Amino acid sequence: MGTLRVPVTPHDHIKGPANAPVTLVEYGDYECPGCGAAHPIVNLVLEHFGPKLRFVFRHFPLTQVHPNAEPAAESAEFAGAHDRFWEMHDGIYENQDNLSPPLLLALARALGLSELELSEALVSEKYAPKIKSDFLGGVRSGVNGTPSFFTNGYQHEGTYAFEDLVLAIERHLHAKASL
Amino acid sequence: MSKVLPAGTLAPSFTLRVTPDQNLSLSDLAGRSVVLAFYPADWSPVCGDQMALYNEVLPEFHKHGAEVLGISVDGAWCHEAFAKDRRLHFPLLADFHPKGAVAKQYGAYREGDGVCERALFVIDRQGVIFWSYCSPIAVNPGADGILDALEKMSKQETSDGHVTSSSHAA
């Protein structure tokens with residue numbers, strides 16, 4: 001299995017403390033049903049480990065089979081440019097069944113962001129290079145579908161079930177504790 | 001797992017149906033590099049599907065001047081429906097009759113299951129296998145191995161080019 005070839009940097013979307021002993025990176029697609037199912041699980045895992053875990057989300061849209069995945073990712077980046085990435089991220093996954101351009105605009109409006117500015121950003125593909133860069137970094141790290149997880153740089157081979165993710169993270173915590 | 005043809009082997013030639021009324025031969029792509037991706041079957045679940053992934057990575061493959069060909073024992077009509085559904089922008093070859101004949105030549109046929117392995121071949125401009133890899137049948141091998149091989153191949157071609165030009169100068 002792969003290792004993460006693109007290290008986590010401040011350009012990433014990061015939840016949790018910088019000095020957390022374990023970093024969980026997800027490559028996800030906003031229209032992928034598996035990613036939608038993993039979303040609440042990831043939140044439970046974050047809650048479970050508290051300050052011992054930080055979470056990074058990177059985009060991996062399969063644009064040809066998921067026509068809303070790219071605009072959704074660009075909308076999340078747009079919100080990120082206004083410091084509202086995670087609110088948009090949660091909003092998209094929580095409303096995945098209704099994912100559409102109008103939903104993205106409505107989510108932006110609910111966050112107090114300009115729908116017009118978002119529309120313009122989508123038309124001009126302002127955030128497309130960032131999505132592409134996330135995607136290619138994922139490909140080079142061995143991401144073969146979504147959702148794909150890395151724990152401290154190692155590709156997670158188990159499922160995204162709560163127990164599997166917890167086990168993988170605990171292994172890293174124990175490895176650090178025994179140093 | 002099958003023993004696939006290793007690097008350094010001349011890639012066996014083939015002519016297969018690429019649409020219900022068209023054939024494609026490896027020799028049609030002479031002078032270009034080719035990524036030949038054997039896979040077990042059309043219609044695997046989308047988010048982890050190997051062909052859907054290669055479809056997204058296609059611009060990167062093209063940057064290296066490589067053509068991508070998917071190949072399975074599914075028939076041309078099945079491929080057509082699958083490619084349309086997944087909006088694939090590269091050809092799928094039907095190793096359908098005699099079933100798996102090309103896969104067998106590449107050492108990428110699973111006799112017991114009657115399907116192709118998940119086997120990858122990067123073939124250089126001279127038609128020689130530059131890199132090959134056989135993945136466990138249930139594991140989508142991703143695209144990192146292919147991109148690493150294409151990069152390495154480009155570098156070697158560049159350095160070979162330098163050797164040629166310097167020998168001309170001498």
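What comes next is a walk through the structure. Note that this is a predicted model, so its numbers are computed, not measured.

### Some thoughts on the overall build of chain A
The secondary structure content of chain A amounts to seven helices and five strands. The secondary structure elements of chain A, listed N-terminal to C-terminal, are β-β-α-β-α-α-α-α-α-β-β-α. Its C-alpha radius of gyration of 16 Å places chain A within 12% of the 16 Å reference for a compact globule of 179 residues. When the 179 residues of chain A are sorted by exposure, 42% land in the buried category. Summarising the internal contacts of chain A: among those between residues at least 6 apart in sequence, 75% fall at separations of at least 24.

### A few points about the nonpolar core
Residues B:V35, B:L36, B:A37, B:F38, B:C116, B:F121 and B:V122 are the most contacted members of the largest nonpolar core, which totals 92 residues. Ranked by residues supplied to this core, first place goes to helix α2 (residues 69-81) of chain A with six residues. Beyond its immediate stretch of four places on either side in the chain, B:L36 contacts B:L69, B:I71, B:F121 and B:I123.

### Comments concerning the pairing of strand β9 (residues 129-135) of chain B
Residues and elements named next belong to chain B. Pairing of strand β8 (residues 118-123) with β9 involves six bridges; the strand directions are antiparallel. Following the sheet pairing, L120 is matched in β9 by Y133. Linking β8 back to β9 in an antiparallel pair, the connection comprises five residues, with G127 at a positive phi of about 80°.

### Structural notes on unusual backbone geometry
The peptide bond linking A:T146 to A:P147 adopts the cis configuration, its omega dihedral lying at -10°. Tracing the chain through its elements places A:P147 in the loop between α6 (128-140) and β4 (148-151). The omega torsion across B:H97 and B:P98 is -10°, close enough to zero to call that bond cis. Along the chain, B:P98 turns up in the loop between β5 (92-94) and α3 (101-105). Positive phi is not limited to glycine here, since A:E125 has a value of about 55°. Assignment of secondary structure puts A:E125 in the loop between α5 (115-123) and α6. Residue class for A:E125 comes out partly exposed when judged on the 13 C-beta atoms lying within 10 Å of it. Located in the positive-phi region is B:R87, a residue other than glycine, with phi close to 55°.

Cut-offs used in this document
- Residues numbered from 1 in each chain as written.
- Chains lettered and ligands numbered in written order.
- Predicted model: local features only at pLDDT ≥ 70, side-chain atom pairs only at ≥ 80, totals over all residues.
- Helix = DSSP H or I, 4+ residues; strand = E, 2+ residues; numbered from the N terminus.
- Rg over C-alpha atoms; globule rule 2.2 N^0.38 Å.
- Buried ≥ 20, exposed ≤ 12 C-beta atoms within 10 Å, placed from the backbone.
- Contact = placed C-beta atoms within 7 Å.
- Core = buried A, V, L, I, M, F, W, Y, C linked by C-beta atoms within 7 Å.
- Pairing = 2+ DSSP bridges.

These results come straight from atomic positions and should not be treated as a statement about function.
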